[in-house]
Amino acid sequence: MLLKIYLKEMKDCFRDRRTLLLTVLLPIIMMTGLTFFYESLISEGEGETYSLAVEKSFGAKEAELFSGMENIEFVQSANPEETLAEGEAVAALVLSPDFLTSIEKGEEASVTLIGDSFSQNSTNLMNLVTTTLTAFEKSVTATRLQSQGTDLSVIQPFTIDQKEISEDNPNVNLLAMLIPLMLSLAIGVGASPSASDLFAGEKERKTMEALLMTPVNRSTLLFAKWMTIASVGTITGLTTLGVVAAEITFLTENLKQAVSFGDNAWLIIGLALVMTILFSMFNASLLMITSIMGKTVKESQSYSTPVMMLTILPTMIITGIGINELTFEHFAIPIMNLFSLLKELLFGVINYEHIVITLGSNIVFMVLFFIIGRIMFMKDKWVMN
């Protein structure tokens, strides 16, 4: 009987085109958009050309300073700042009169760089210009010191060599934030319509009373509906992961370079699949409660919205924490532990203690929320009104 009810509910979920759209297509579209957004964010303007407004006195000698920057296009103007304000350039560079001549004579010279720090293109261009001028400044300083017979070690007594833990994959930290966020959002968005329809929808259509009058045990009915929600979430999560993995592999360059699991590839993939299934089950327990509470589908969706918003909080918390700083609570708190564990796995770290804590925590809270949902479903005031 349990299997029959489960199969019936699954057919009903995927029979409705609107539910199918919200369950499968919408998460895929959302995750595809996020994938290409993060790819463009990582690229930092590679292959793009930026327009830099300069004065008309800006000649070939000044342009030689930027000879290595082929993606900078100079726009000469009588008023570079006005050209920038009109949108004909993304940044403006104003040099003091006779800039290069003043430097050669050892006289005072100045540079004014104008841009918009809230614009990604403007920020990228200003970084390029600043890097170029800083290198030129060091070159001028070195030349002046050598002409005076001064050792360069006077201004550079030591060097700084900064290394990243993920030096081979500098973009893996961003990917460690992207994958869990995609997964949690996809599961939430995909399972929410089905969850709302299976309980609140039955009450809104006035079919819940007739359903409860059948000889089927309430616990069996509840478990079948919960399995349906969990299955829909799992299907959505796995489908989204598959699509995103294919897009990263074949359609991106920077994100693809961040994926390197080495000899533990199959173990990491297997753990990711287990986490997807377990998180779908945990999410199903929460959505089941919100649907039982709602008298209508719209009311149920209002209750489930905060549940899906919770998936955004770990992004803000975990992003600024290194994998060596993760502690017990990061793996014991549901939803957050999804981000924490997947972050470790994407960095190639396999800590079995953290894996056990994460799996155990999700199982405990999943059972707890399921019991709360069962208590509510056994009371007529929650299912008959």
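A. Expanded view of a nonpolar patch on the surface. Taken together, the side chains of Leu-310, Ile-312, Leu-313, Met-316 and Ile-317 make up a nonpolar region of the molecular surface, amounting to roughly 450 Å² of accessible area. Residue position: Leu-310 is located in the loop between α13 (297–309) and α14 (313–318).

B. Region of interest: the sheet that holds strand β2 (residues 72–77). One open sheet accounts for four strands, arranged β2-β1-β3-β4; its pairing is mixed. Each edge of the open sheet is held by one strand with a lone partner, namely β2 and β4 (111–115). For this sheet, the mean inter-axis angle between neighbouring strands, taken without regard to orientation, is 25°. Alignment of strand β1 (residues 50–55) against strand β3 (residues 91–95), held across three bridges, turns out to be parallel. Note on β3: the bridge partner recorded for Val-54 is Leu-93.

C. The arrangement of the environment of Thr-134 in detail. Examined against the element boundaries, Thr-134 turns out to sit in helix α6 (residues 120–147). Of the polar contacts made by the side chain of Thr-134, one reaches the backbone oxygen of Thr-130; its length is 2.7 Å.

D. View of the packing of helix α7 (residues 172–198) against α13. Two elements in contact, α7 and α13, have axes whose closest approach is 9 Å; the angle formed by their N-to-C orientations is 150°. By the angle between their directions, the pair α7 and α13 is classed as roughly antiparallel. In the crossing of α7 with α13, the sense of the turn from one axis to the other is right-handed. Residue-level inspection shows Gly-188, Val-189, Ser-192 and Ser-196 of α7 in contact with α13, the latter providing Val-297, Ser-300, Gln-301, Ser-304 and Met-308. For the contact of α7 with α13, the per-class residue count stands at three nonpolar, six polar and no charged.

E. Main features of the pattern of salt bridges. Tallied over the entire structure, the rule returns five salt bridges. The closest approach of N and O atoms between Arg-205 and Asp-197, which form a salt bridge, is 2.8 Å.

F. Structural detail: empty space enclosed by the protein. Across all of its chains, the model carries one cavity of 30 Å³ or more by this definition. Asn-173, Ala-176, Met-177, Thr-315, Ile-318, Thr-319, Phe-339 and Lys-343 together form the lining of the largest cavity. Elements supplying a minimum of two residues to the lining of the largest cavity: α7, α14 and α16 (336–346). Its residues placed into classes, the lining of the largest cavity shows four nonpolar, three polar and one charged.

Conventions used here
- Residues take numbers from 1 onward in each chain, read along the sequence in its written order.
- Only residues with pLDDT of at least 70 are given local features in this predicted model, and only at 80 or more are side-chain atom pairs given and counted; all residues enter the totals for whole chains, interfaces and linings.
- Based on all heavy atoms of the structure, the side-chain values leave hydrogens and waters out of the count.
- Residues with no salt bridge and a relative accessible area higher than 30% make up the patches, which join like charges within 9 Å and nonpolar side chains (Val, Leu, Ile, Met, Phe, Trp, Tyr) within 5 Å.
- Under the convention used here, a 1.4 Å probe and the Shrake-Rupley method define accessible areas, while residue burial counts only the protein chains that appear.
- Criterion for a salt bridge: a side-chain nitrogen of Lys or Arg within 4 Å of a carboxyl oxygen of Asp or Glu.
- Labels follow the DSSP assignment, with helices taken as runs of H or I lasting at least four residues and strands as runs of E lasting at least two, numbered in each case from the N terminus.
- Strand pairing is assigned whenever DSSP detects at least two bridges linking the two strands.
- Here an axis means a line fitted to C-alpha atoms, over the contact stretch when the element is a helix, while the angle between two N-to-C directions is reported on a 0 to 180 degree scale.
- In the analysis that follows, any N or O atom pair within 3.5 Å is treated as a polar contact, provided that within protein one partner can donate a hydrogen and the other can accept it, and provided that, for residues neighboring in sequence, both atoms belong to side chains.
- Each angle receives one of four descriptions, namely roughly parallel if under 35 degrees, roughly antiparallel if over 145, roughly perpendicular if within 65 to 115, and oblique otherwise.
- Helix crossings fall into two classes, left-handed where the near helix is turned counterclockwise from the far one by less than a right angle and right-handed where it is turned clockwise.
- Every residue pair with non-hydrogen atoms within 4.5 Å of one another is taken to be in contact.
- Note on residue classes: Ala, Val, Leu, Ile, Met, Phe, Trp, Tyr, Cys and Pro are nonpolar, Asp, Glu, Lys and Arg are charged, and everything else, Gly too, is polar.
- Method remark: on a 1 Å grid restricted to protein atoms, a set of points is classed as a cavity if a 1.4 Å probe fits but cannot get out and as a pocket if it is open with protein on both sides within 12 Å along at least five of seven lines; lining residues have an atom within 4 Å of a point.
- Grid points are joined across faces, edges and corners, and a volume is the space filled by probe spheres set on the points.

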